[in-house]
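Observations on the three-dimensional arrangement
Residue strings, one per chain:
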Amino acid sequence: MSDQADKRYPREIEIPGELISQLRSASKVAALTGAGISAESGIPTFREAQTGLWARYRPEELATPGAFQMNPRLVWEWYTWRRELVANASPNPGHLALAAMEQRIAGFTLITQNVDGLHQRAGSGERAPVIELHGNIQRIKCFDRGHQVESWEAAEIPPCCPTCGSLLRPDVVWFGESLPPQALQAAWDAAGACEIFFSIGTSALVEPAASLPIVALQAGALVVEVNPHETPLTPSAHFNLQGPSGQLLPSLVRSVWPN
Ligand code: NAD
C-alpha cells in the first residue's frame, strides 16, 4: 500500500487476527461499497448536509424521476455539479486497497452503489467488471427511451436526445426506480457464493443493496462491516471495523499481505 495512508492516519489500526487468517485463505470474497468509501475523496454522501449552492435541497428531493419531471433544469444542473465534483476527485487509499485485494484474490467481486467510477480509476475491474448497481454519473441517457448519448448540445439545459427528442438525464438509478436486473443478479450470486462479504461505507438502508449482506449471512459467509458509524447491519456482522475506510482498508491489506 502507498505511504499516503500512513501520512494521513499515523495510527495503525489493529486488525483482528482471525479476520487476517480467514482472508488469507479465502478464495471467494465479495465487497459492497457505498457513498462512505468516496467521502475521503471529497464526494459528499447523501446523509451529509449539502454545501454551497445546493445546501437548501435534500438529495432525496432531487434524485427522483418526479423531481426531474417537475424541474428538469434544476436536476440537470445538480448532476452537472456532481459530475464535475467527481471528475476533479481522485481515488483515496480505500479505493486503492480494494483494487489491491482484487489482485490477491482470484474470486473477488466488487459491487458498488456509487455512481462516481472511482473504483475503476483506482484500478478495480481488471479481472472482473465492477458491478455498478446504481449506474454511472458520467453516462447520459434519454428520459423517455433510455437511448445512450455520447455528446449533447451544451447550450440547452437540459439537452435533448438526438434520436427521439426527449430530455437527457444521467444514467443513474433514482429513488423509486428499478436496478439494472443483470447487475443485481450478479451481485446476488456473488453474495450467496462468497466466504467473506465486506459492507463498506454504506448505511445499509437503501434496498435492495441493503439485503446483500443478509444474503451472504444466510449463506454462511463471514460478514465484515467497515464504517465509522453503526448501521442496522452492525449487530449481525461478525467483525465491525469502526473507522474511515481510507484508513482501515489499507491496514487490512497490509496485515493480510505484508509483502
Ligand atoms: P449513505 O449516504 O446512505 O451512507 C454513507 C455511509 O458511509 C454512512 O453509513 C456513513 O457512516 C459512512 N461513512 C461516512 N464516511 C465514511 C468513511 N470515511 N469511511 C467509511 N464509511 C463512511 O450512502 P449509501 O449507503 O451508499 O446509500 C445512498 C445512495 O446514494 C446510494 O444509492 C448511492 O448510489 C448514492 N450516492 C453515491 C455517491 C457516490 O457515487 N460517491 C455519493 C452520494 C450518494
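The present account deals with the structure reproduced in this document. (Residues numbered from 1 in each chain as written. Predicted model: local features only at pLDDT ≥ 70, side-chain atom pairs only at ≥ 80, totals over all residues. Heavy atoms only, no water.)

**Quick look at the overall build of the protein chain**
Summing up its helical and strand segments, the protein chain has 10 helices and 9 strands in all. Scaling as 2.2 N^0.38, a compact globule of 259 residues should have a C-alpha radius of gyration of about 18 Å, and the protein chain matches this with 19 Å. Counting only C-alpha atoms and orienting by the principal axes, one finds that the protein chain spans roughly 55 × 40 × 30 Å. The proportion of buried residues among the 259 residues of the protein chain is 51%. Intrachain contacts of the protein chain at a sequence separation of at least 6 include 69% that bridge at least 24 residues. Carbon and sulfur atoms form 51% of the exposed surface of the protein chain, whose accessible area is close to 12,100 Å². (Helix = DSSP H or I, 4+ residues; strand = E, 2+ residues; numbered from the N terminus. Rg over C-alpha atoms; globule rule 2.2 N^0.38 Å. Buried < 20%, exposed > 50% of the residue type's maximum accessible area, 1.4 Å probe, protein only. Contact = heavy atoms within 4.5 Å. Areas by Shrake-Rupley, 256 points an atom, 1.4 Å probe, with all protein chains shown as cover.)

**Looking at the sheet that holds strand 2 (residues 107–112)**
The parallel open sheet is built from 6 strands, whose spatial order is 3-2-1-7-8-9. Of all strands in the sheet, those bounded by a partner on one side alone are strand 3 (131–132) and strand 9 (239–241). Here strand 2 runs beside strand 3; their pairing, made up of 2 bridges, is parallel. Paired with isoleucine 111 across the two strands is isoleucine 131, which belongs to strand 3. (Pairing = 2+ DSSP bridges.)

**What about the site of the ligand?**
Around the ligand sit 26 residues in total, of which Arg47, Gln113, Asp116, His134 and Asn227 are the nearest. Contacts to the ligand include histidine 134, whose side-chain N or O atom sits 2.6 Å from an oxygen atom. Contact between the ligand and asparagine 227: an oxygen atom at 2.7 Å from a side-chain N or O atom of the residue. Burial of the ligand by the surrounding chains reaches 92%, relative to a free accessible area of 850 Å². By residue class, the composition of the shell around the ligand is 9 nonpolar, 13 polar and 4 charged. (Near = heavy atom within 4 Å. Polar contact = N/O pair within 3.5 Å; in protein donor to acceptor, adjacent residues only side chain to side chain. Nonpolar A, V, L, I, M, F, W, Y, C, P; charged D, E, K, R; others polar.)

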